Amino acid sequence: MIDALERDLGLTEAQAIARLANEERAAAVESNLTTALGGSFGGAWLNADASKLSVATTDPATTKAIEAQGAQPVVVQRSLAQLNGIMQQLDQAPKKAKSGAALWYADVTTNTVSVQAPTVEAAESLVAAAGVDRNAITVAATAERPTTFINIIGGAAYYIGSSRCSVGFSVTRGSTPGFVTAGHCGRAGSGTTSPTGTFQGSSFPGNDYAWVAAPGNTVTPYVRGSGGANVTVRGSTQAAVGSSICRSGSTTGWRCGTIQQHNASVTYPQGTVSGLTRTSACAQPGDSGGSFISGSQAQGVTSGGSGNCTVGGTTYHQPVNEILSVYGLTLTTG
């Protein structure tokens, strides 16, 4: 930790050690005063070098108790409980109003709740929709566009609303990171979570492929293998019929079999999909879109099949090279 503080905060070793000691003492003082001040507690914060702890209170009569703990008292208008109550109102505002804002938080240093959005108007819109006390709010325009940071790994789960599918392989299109998956998992424009992204293209039936752009997340050359170990993808050369092949998915994990045929056409209830590869590796619902790999070579994304991983089954995958070609994608390799 000391090495990291030196690197990231620009501290010397001595400064890092002193900072950690100050922070440990401050945590104990804050804990004590949170209890002692009760409903008047307004929050606590350290200054830039962590040498001084300020503690806010709504009751001037408690300042001596704060000083006795070696902290600097600050008399404020609102307690921390009141600020958190305002936060709760904002959290419960209509979804449409919240979608226009980037972030909001209780700022104990100013004794207000800060609402930030791409524009001041969007921030004000959330404040109005939540019906909170405008005097307790500060608004500001921000360039922040928060996103989740996830390593994109083949076989891992992702979500489309309440539905779950599996990541096929990490890809990029230009500088945009993302992943390929099954087309039946979502239509163009559909949003995903874990990682956050948007379906850019999708084809099903006829084909069963799609790609999801996931800016802010990190592509990796990996597929989740046996026991969660990473298997490195080094290319996408198609393996011959009879070759061993393994697939990774968020329901049944890592399962292997052999390639039985290429260029199979399969009729699902939704219609016929052509150009699939048939294998003896089992799969189950939720594995859709997940990775098929032979050795270190990416083969395709799980489409569908029959049977299950208890009694065994047949599974079909959409070859990955067609997906890369159709959407102009680059497979992430190690």
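Everything below is about the structure printed above this text.
Residues numbered from 1 in each chain as written. Predicted model: local features only at pLDDT ≥ 70, side-chain atom pairs only at ≥ 80, totals over all residues. Heavy atoms only, no water.

Each helix and strand counted, the protein chain has seven helices and 23 strands in total. Against the 2.2 N^0.38 benchmark of 20 Å for 334 residues, the protein chain shows a C-alpha radius of gyration of 27 Å, more extended than a compact globule. Taken over 334 residues, the protein chain has a buried fraction of 46%. As presented, the protein chain carries roughly 15,500 Å² of accessible surface, and 50% of it is formed by carbon and sulfur atoms. Distance between charge centres in the protein chain, computed from 19 positive and 19 negative side chains, equals 12 Å. (Helix = DSSP H or I, 4+ residues; strand = E, 2+ residues; numbered from the N terminus. Rg over C-alpha atoms; globule rule 2.2 N^0.38 Å. Buried < 20%, exposed > 50% of the residue type's maximum accessible area, 1.4 Å probe, protein only. Areas by Shrake-Rupley, 256 points an atom, 1.4 Å probe, with all protein chains shown as cover. Lys, Arg positive; Asp, Glu negative; His and termini not counted. Charge placed at Lys NZ, Arg CZ, Asp CG, Glu CD.)

Attention now goes to the side chain of Asn-217. Mapped onto the fold, Asn-217 is located in the loop between strand E14 (209-213) and strand E15 (218-224). Among the polar contacts made by the side chain of Asn-217, one reaches the main-chain amide nitrogen of Ile-150 at a distance of 3.0 Å. Engagement of the side chain of Asn-217 in a polar contact is seen with the backbone oxygen of Thr-196, the distance being 3.2 Å. (Polar contact = N/O pair within 3.5 Å; in protein donor to acceptor, adjacent residues only side chain to side chain.)

What follows deals with the pairing of strand E21 (residues 297-308). Across four bridges, the pairing between strand E20 (residues 291-294) and E21 is antiparallel. Of the residues in E21, the one forming a bridge with Ile-293 is Ala-298. The loop that links E21 with its antiparallel partner strand E22 (residues 312-319) comprises three residues. (Pairing = 2+ DSSP bridges.)

What follows covers the sheet that holds strand E4 (residues 103-107). Strand order in the open sheet made by the three strands is E4-E5-E6, with mixed pairing throughout. For this open sheet the edge positions go to E4 and strand E6 (137-141), each flanked by a neighbour on one side alone. Put simply, the sheet's adjacent strands are angled 20 degrees from each other on average, direction ignored. Contacting E4, strand E5 (112-117) and E6, helix H6 (residues 120-130) runs over the sheet at an angle of about 150 degrees to E6. (Axes fitted to C-alpha atoms, helices over the stretch in contact; angles between N-to-C directions. Contact = heavy atoms within 4.5 Å.)

Another aspect to go through is the state of the cysteines. Across all of its chains, the model carries three disulfides by this definition. Two residues share a disulfide in this structure: Cys-282 and Cys-309, whose sulfurs sit 2.1 Å from each other. Here Cys-282 and Cys-309 share a disulfide; its torsion about the S-S bond, 105 degrees, makes the bridge right-handed. Pair noted here: Cys-282 is in the loop between strand E19 (271-279) and E20 and Cys-309 is in the loop between E21 and E22, with a separation of 27 residues, a long-range link. What makes Cys-282 buried here is its relative accessible area of 10%. (Disulfide = S-S within 2.5 Å.)

Turning our eyes to something else, we now look at the packing of aromatic side chains. A complete count under the given rule lists four aromatic pairs for this structure. When the centroid spacing of 6.4 Å and the interplanar angle of 50 degrees are considered together, the rings of Tyr-158 and Phe-199 count as tilted. Here Phe-199 lies in strand E13 (residues 197-203) and Tyr-158 lies in strand E8 (residues 157-160), a separation of 41 residues in the sequence. Residue Tyr-158 shares its accessibility class with Phe-199, and that shared class is buried. (Phe/Tyr/Trp six-rings, centres within 6.5 Å; stacked < 30°, edge-to-face > 60°.)

Moving on: the sheet that holds strand E11 (residues 176-181). On the basis of which strands lie adjacent, the open sheet formed by six strands has the order E12-E13-E14-E11-E10-E23 and antiparallel pairing. The two strands at the open ends of the sheet, each matched to only one other strand, are strand E12 (191-192) and strand E23 (330-331). Pairing of E13 with E14, which is carried by five bridges, proceeds in the antiparallel orientation. Within E14, the position partnered with Ser-202 by the bridge is Ala-210. Docked against the sheet, helix H7 (residues 320-327) engages strand E10 (169-173), E11, E13, E14 and E23, running at close to 55 degrees with respect to E14.

Pro-195 follows Ser-194 through a cis peptide bond whose omega is 10 degrees. Residue position: Pro-195 is located in the loop between E12 and E13. A cis amide bond links Phe-204 with the next residue in sequence, Pro-205, at an omega value of -10 degrees. By the secondary structure assignment, Pro-205 is in the loop between E13 and E14. Located in the positive-phi region is Ser-194, a residue other than glycine, with phi close to 55 degrees. Take Ser-194: it is sitting in the loop between E12 and E13. Judged by relative accessible area, Ser-194 falls into the partly exposed class, the value being 37%. One non-glycine residue, Asn-263, lies in the positive phi region at around 60 degrees. Assignment of secondary structure puts Asn-263 in strand E18 (residues 253-268).

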